[in-house]
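Residue-level listing of the chains:
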Amino acid sequence: MSGSSNSLFRKDLYPVPGWSILTFLGVGALIGTAAIWLLPDRSLLPLLTVFFGTGLAAVFISVSPLGLADGARALGLRPVGWRPVVLGVVGTTVLSFAVSQIGVQPEGVRQVTDSVRDPSVLIPTLLVLAVLAPVVEELVFRGLLYGWVAGRWGPLPAFIVSSLVFAAAHAEPAHIVLVLPLGFWFGWLRWRTNSLWPTLITHMINNAFAVLGAAYLAGN
């Protein structure tokens, strides 16, 4: 990125302050621990709902002192045209198909596939994994984390760090390998558009296709 475009980026950037990151981690740990402790049903879907619900609450609490407008800017919630969204969906579809040819199925993916064999859990699974999960992941990795790193070292380090941490957060080695290309693709979209909307929408569509594909293979 040229110096002029970098200065334009920084002029439009509202950096995520360090205290927002610390607040997110502290609040997330506190709420998450209490919620899981109180959770009566600790099967996969309720646990995921609590996990991502806690993340969503922690994100909003961490940026709320900035105010609505500046908090949205810090998270990258800036208007963007429809072309980056279409590009994101097409690129993600190609990448997802390519990595699926590796033939590796992470344990977490297998559990989701097994769970949607029951038609009654398909809609709840879609709401959690195709709406709540991608929204939280984008707000955390390409919102909070990206904004914090970009505000200190610029967009290129933010692109690299947020992409790697996004992949690493999936924990299971096979899952990390599968999502790493998507992590870099989403990170590149965030960098080039300076907006979270293309990756957020694309991520939701990708997850919806994945859940529906799992349900189809399970015979629902």
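Cut-off values and rules
Counting from 1, residues in each chain are numbered in the order their sequence is written. Residues qualify for local features only when their pLDDT is at least 70, as the model is predicted, and side-chain atom pairs are given and counted only at 80 or more; totals for whole chains, interfaces and linings, by contrast, use all residues. As a rule here, side-chain values come from all non-hydrogen atoms in the structure, and water together with hydrogens is ignored. Salt bridges are defined by distance alone: a side-chain nitrogen of Lys or Arg within 4 Å of a carboxyl oxygen of Asp or Glu. We count a stretch as a helix when DSSP gives it H or I for four or more residues in a row; a strand needs E for two or more, and each element gets its number in order from the N terminus. Three labels apply to residues, based on accessible area from a 1.4 Å probe with only protein chains included: buried if under 20% of the type maximum, exposed if over 50%, partly exposed otherwise in between. Only Phe, Tyr and Trp rings take part, Trp by its six-membered ring, and two of them pair if their centres are within 6.5 Å. Stacked means planes under 30 degrees apart, edge-to-face means over 60, and tilted covers everything else.

> In this structure, what is going on with the pattern of salt bridges? I would like to understand it.
Opposite charge on two side chains allows them to pair when their charged atoms are near. Applying the stated criterion to the full structure yields two salt bridges. Between R73 and D70 there is a salt bridge; the shortest N-O distance is 3.4 Å. Taken together, the residues span about one helical turn, with R73 and D70 both in helix α4 (residues 68-74) at a distance of three residues. Where R142 meets E138, a salt bridge forms, and the shortest distance between an N and an O atom there is 2.7 Å. Taken together, the residues R142 and E138, both in helix α7 (residues 122-153) and four residues apart, mark about one turn of the helix. Residue classification places E138 among the buried residues on the basis of a relative accessible area of 0%.

> Any chance you could explain the packing of aromatic side chains here in plain terms?
Given two aromatic rings, their pairing is described by the distance between the two centres and the angle made by the two planes. Scanning the model with the defined rule gives seven aromatic pairs in all. Ring geometry for F141 against F166: centres 5.6 Å apart, planes inclined by 75 degrees, an arrangement best described as edge-to-face. Of this pair, F141 sits in helix α7 while F166 is found in helix α8 (residues 155-168), placing the two residues 25 residues apart along the sequence. Each of the two residues, F141 as well as F166, counts as buried. Relative to F186, the ring of F166 lies with its centre 6.4 Å away and its plane at 65 degrees, an arrangement referred to as edge-to-face. Of this pair, F166 sits in helix α8 while F186 sits in helix α9 (residues 173-193), and the two are 20 residues apart along the sequence. By relative accessible area, which is 2% here, F166 ends up buried. An aromatic cluster is built from F141, F166 and F186, whose rings are joined through pairwise contacts.

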